Amino acid sequence: MESLSRRNVLRAGGVIGAAGAVAVATSATPWTWSPAGAVPGTGSGADPRGVWDDEADRVVAGLLDRGQVPAVNQLLRGWTKNGQPLPPGLPNELRDFMEHARQLPSWADQGKLADAVLFNQKRGTYLGVLYGFASGMMSTVIPKEARAVYYSKGGADMKDRITKTAKLGYDIGSLNAYQPDGEMIVTCVKTRLAHSAVRHLLPQSPHWINAAEEDKPISQADIMVTWHSLPTTAMRNLQRWKVPIPANESEGFLHSWQVSAAMLGVDDQYIPNSWATADSQAKQVLDPILAPTPEGIKLADILLDLGFNLDLTLLSRGVLGALTRFMLGDQVAGWLNIPREPVWSPLLETAWGPYVAVREGALDLGVPKEAYWLFDEFLRQFVLLYMSELRLPINIDIPVFNNPHYR
């Protein structure tokens, strides 16, 4: 378990205030989630807040210390498909690690992954909205994640960072996600390398050190917190909207994300084996830790302004804020200083649920034609925005520096 350092005790004593004290107290709470609920049904029960990714961290630290990362990044830009051979010229230690890391876990089930394709085919449009405004904006009220993003390289260019996050959601929802001609395996391996670099670099940032409660970022617990902000949060919303989902498609959707966790280096013992166990884990590691931070508030403000210069009138700050309030609730919107929209907020509250039900075939009537068109047009524009970004080569590079504004 992560130790409660002297630095954290001082912060809890008043340096960071009540919200920070709660976060420190939460981090000191014993890990109680049972590995009986994990994919293998067993495990050591070790607290994931004290577990990182030793194999990847050792390899990437060596690359950074030897100044090899720029050359490696250049080589890896041509590696985009799951079945593609690794490029020649990579350092041997990195090549060995990547060949191992690109293998699917032994428990990966191709039948379930095929069912995930069915799930995504039917619900991909509004899953993009869930990932963007339930999961994406939730990241700004996950204190450790917000600080890690803000003070690392990602905080220097949030548009670049959000398109790379969108790529993960796009890749896992594609028809060939884990197939040889897909890209999800590549995305996961490159993300794993980027995480290791952030673990090596952020502890060198005095700004991050002075703000963070932990001594080393992106533990396996942190990865699972982010994981729950994606599939678990998406499924909670779909259930809240009473979307009928066949059991095999629900299980397939979960399985695609279980595989993603393994590909990101998470130990099997921390990966939930069902939606019920995922929800129970989220209630321990995600729900209690949500809180505002100065860094998260600034990141949210940047995200809400990403559409400012786009020629898409529906992607105004007000619409994005209303979606955030609708997806995450009044408390989170209040934390992020997002005002209630007089038009879009009531419209979302009254018409979104029936709209989704109509798309699922659960309702024949119930949504005014104009409102239905407005939602459909917004979703179309939203998807076009991200697809336009994704048409460009999106390279997940290994960072070599922190946010240059906060060295």
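None of the values given here were measured: they were computed from a predicted structure.

### Overview of the overall build of the chain
Moving on, step 1. On a plain count of helices and strands, the chain comes out with 18 helices and zero strands.
Moving on, step 2. Counting every position in the chain, which comprises 407 residues, the buried fraction comes to 54%.
Moving on, step 3. Considering only contacts in the chain between residues 6 or more positions apart, those separated by 24 or more positions represent 76%.
Moving on, step 4. On the chain, roughly 17300 Å² of surface is accessible, and the fraction owed to carbon and sulfur atoms is 57%.

### Remarks on the packing of helix α3 (residues 54-65) against helix α9 (residues 184-201)
Moving on, step 1. Following both chains from N to C, one finds α3 and α9 inclined at 65 degrees, their axes separated by 8 Å at the closest point. Here α9 runs roughly perpendicular to α3, going by the angle between their axes. Once α3 is placed against α9, the crossing between them reads as right-handed. Seen from α3, the contacting residues are Glu55, Ala56, Asp57, Val60, Ala61, Leu64 and Asp65; seen from α9, they are Arg192, Leu193, Ser196, Ala197, Arg199, His200 and Leu201.
Moving on, step 2. In terms of residue class, the contact of α3 with α9 is made up of seven nonpolar, two polar and five charged.

### Overview of the confidence of the model for the chain
Moving on, step 1. Per-residue confidence for the chain gives a mean pLDDT of 84, with 80% of residues at or over 70.
Moving on, step 2. Segment residues 1-26: pLDDT under 50, and 42 contacts once partners within four positions in sequence are set aside and those in other chains are kept.

### Some points on the packing of aromatic side chains
Moving on, step 1. With the rule as written, the count across this model stands at nine aromatic pairs.
Moving on, step 2. Seen from their ring centres, Phe119 and Phe253 are 4.2 Å apart, and the 15 degrees between their planes marks the pair as stacked. One end of the pair, Phe119, is in helix α6 (residues 110-138); the other, Phe253, is in helix α12 (residues 247-263), with 134 residues separating them in the sequence. Phe253 carries the same exposure label as Phe119, and that label is buried.
Moving on, step 3. Relative to Trp352, the ring of Phe326 lies with its centre 6.1 Å away and its plane at 65 degrees, an arrangement referred to as edge-to-face. Of the two residues, Phe326 sits in helix α15 (residues 317-328) while Trp352 sits in helix α17 (residues 344-360), which places them 26 residues apart along the sequence. Across the pair, Trp352 and Phe326 agree in class, each one buried.
Moving on, step 4. Cluster of aromatic residues (ring-pair linked, three or more members): Trp31, Trp33 and Tyr270.
Moving on, step 5. The ring of Phe119 carries Arg123 above its face, with NZ or CZ at 4.7 Å from the centroid.

### So, the side chain of Thr233
Moving on, step 1. The topology assignment puts Thr233 in helix α11 (residues 220-240).
Moving on, step 2. Engagement of the side chain of Thr233 in a polar contact is seen with the backbone oxygen of Ser229, the distance being 3.5 Å.
Moving on, step 3. Not counting chain neighbours up to four residues away, the residues in contact with Thr233 comprise Ala134, Met138, His228 and Leu286.

### A few points about the pattern of salt bridges
A side chain of one charge can pair with a side chain of the opposite charge when the charged atoms of the two come close.
Moving on, step 1. This model, assessed by the stated rule, comprises 17 salt bridges.
Moving on, step 2. Arg102 is paired through a salt bridge with Glu99; the nearest N and O atoms lie 3.5 Å apart.
Moving on, step 3. Residues joined in a network through salt bridges with shared partners are Arg236, Asp279, Lys283 and Asp287.

### Remarks on the side chain of Asp53
Moving on, step 1. Within the secondary structure, Asp53 is located in the loop between α2 (17-27) and α3.
Moving on, step 2. Once residues lying within four places of it in the same chain are set aside, the contact partners of Asp53 are Arg192, Arg199, Leu264 and Gly265.

### Thoughts on helix α14 (residues 294-304)
It helps to recall that an α-helix has 3.6 residues per turn; residues three or four apart then point in one direction.
Moving on, step 1. Turning to α14, its buried residues number three or more, namely Glu295, Gly296, Leu299, Ala300, Leu303 and Leu304. Down the axis of α14, the smallest arc covering the buried residues is 165 degrees, so these residues share one side.

### Some thoughts on unusual backbone geometry
Moving on, step 1. The phi dihedral of Lys242 is positive, around 60 degrees, even though this residue is not glycine.
Moving on, step 2. Mapped onto the fold, Lys242 is located in the loop between α11 and α12.

### Things to note about the nonpolar core
What tends to happen in soluble globular proteins is that the nonpolar side chains get buried as a cluster.
Moving on, step 1. The biggest cluster of nonpolar side chains holds 105 residues, and the ones touching the most others in it are Met98, Met137, Tyr178, Trp241, Phe253, Met327 and Trp352.
Moving on, step 2. Ranked by the residues each element gives to this core, the list is headed by α6, at 11 residues.
Moving on, step 3. Non-local contacts of Tyr178, meaning those with residues more than four positions away in its chain, are made with Asn82, Leu104, Leu113, Ile172, Met184, Ile185, Ser256, Val259, Ser260 and Met263.

### Describing the environment of Ser139
Moving on, step 1. Along the chain, the position of Ser139 falls in the loop between α6 and α7 (143-151).
Moving on, step 2. The buried category is assigned to Ser139, whose relative accessible area is 14%.
Moving on, step 3. If we skip the residues at most four places from it in the chain, Ser139 touches Glu145 and Ala146.
Moving on, step 4. A distance of 2.5 Å separates a polar side-chain atom of Ser139 from the backbone oxygen of Gly136.

### Let's talk about helix α4 (residues 69-76)
Moving on, step 1. Looking at α4, one finds that the buried residues are Val69, Val72, Asn73 and Leu76. End-on, the buried residues of α4 take up no more than an arc of 100 degrees, which puts them together on one face. In α4, the exposed residues that point more than 90 degrees away from the buried face are Pro70 and Gln74.
Moving on, step 2. Buried residues in α4 make contact with α3, α5 (92-101) and α9.

### Here we look at the environment of Gly329
Moving on, step 1. Within the fold, Gly329 resides in the loop between α15 and α16 (330-335).
Moving on, step 2. Each C-alpha atom of the pair Gly329 and Ala134 lies 9.7 Å from the other, and the pair is 195 residues apart in sequence.

The rules we used
Residues numbered from 1 in each chain as written. Predicted model: local features only at pLDDT ≥ 70, side-chain atom pairs only at ≥ 80, totals over all residues. Heavy atoms only, no water. Helix = DSSP H or I, 4+ residues; strand = E, 2+ residues; numbered from the N terminus. Buried < 20%, exposed > 50% of the residue type's maximum accessible area, 1.4 Å probe, protein only. Contact = heavy atoms within 4.5 Å. Areas by Shrake-Rupley, 256 points an atom, 1.4 Å probe, with all protein chains shown as cover. Axes fitted to C-alpha atoms, helices over the stretch in contact; angles between N-to-C directions. Parallel < 35°, antiparallel > 145°, perpendicular 65-115°, else oblique. Left-handed = near helix turned anticlockwise from the far one by under 90°. Nonpolar A, V, L, I, M, F, W, Y, C, P; charged D, E, K, R; others polar. pLDDT = per-residue confidence, 0-100. Phe/Tyr/Trp six-rings, centres within 6.5 Å; stacked < 30°, edge-to-face > 60°. Lys NZ or Arg CZ within 6 Å of the ring centre and 35° of its normal. Polar contact = N/O pair within 3.5 Å; in protein donor to acceptor, adjacent residues only side chain to side chain. Salt bridge = Lys/Arg side-chain N within 4 Å of Asp/Glu carboxyl O. Arc of directions from axis to C-beta. Core = buried A, V, L, I, M, F, W, Y, C linked by side-chain atoms within 4.5 Å.

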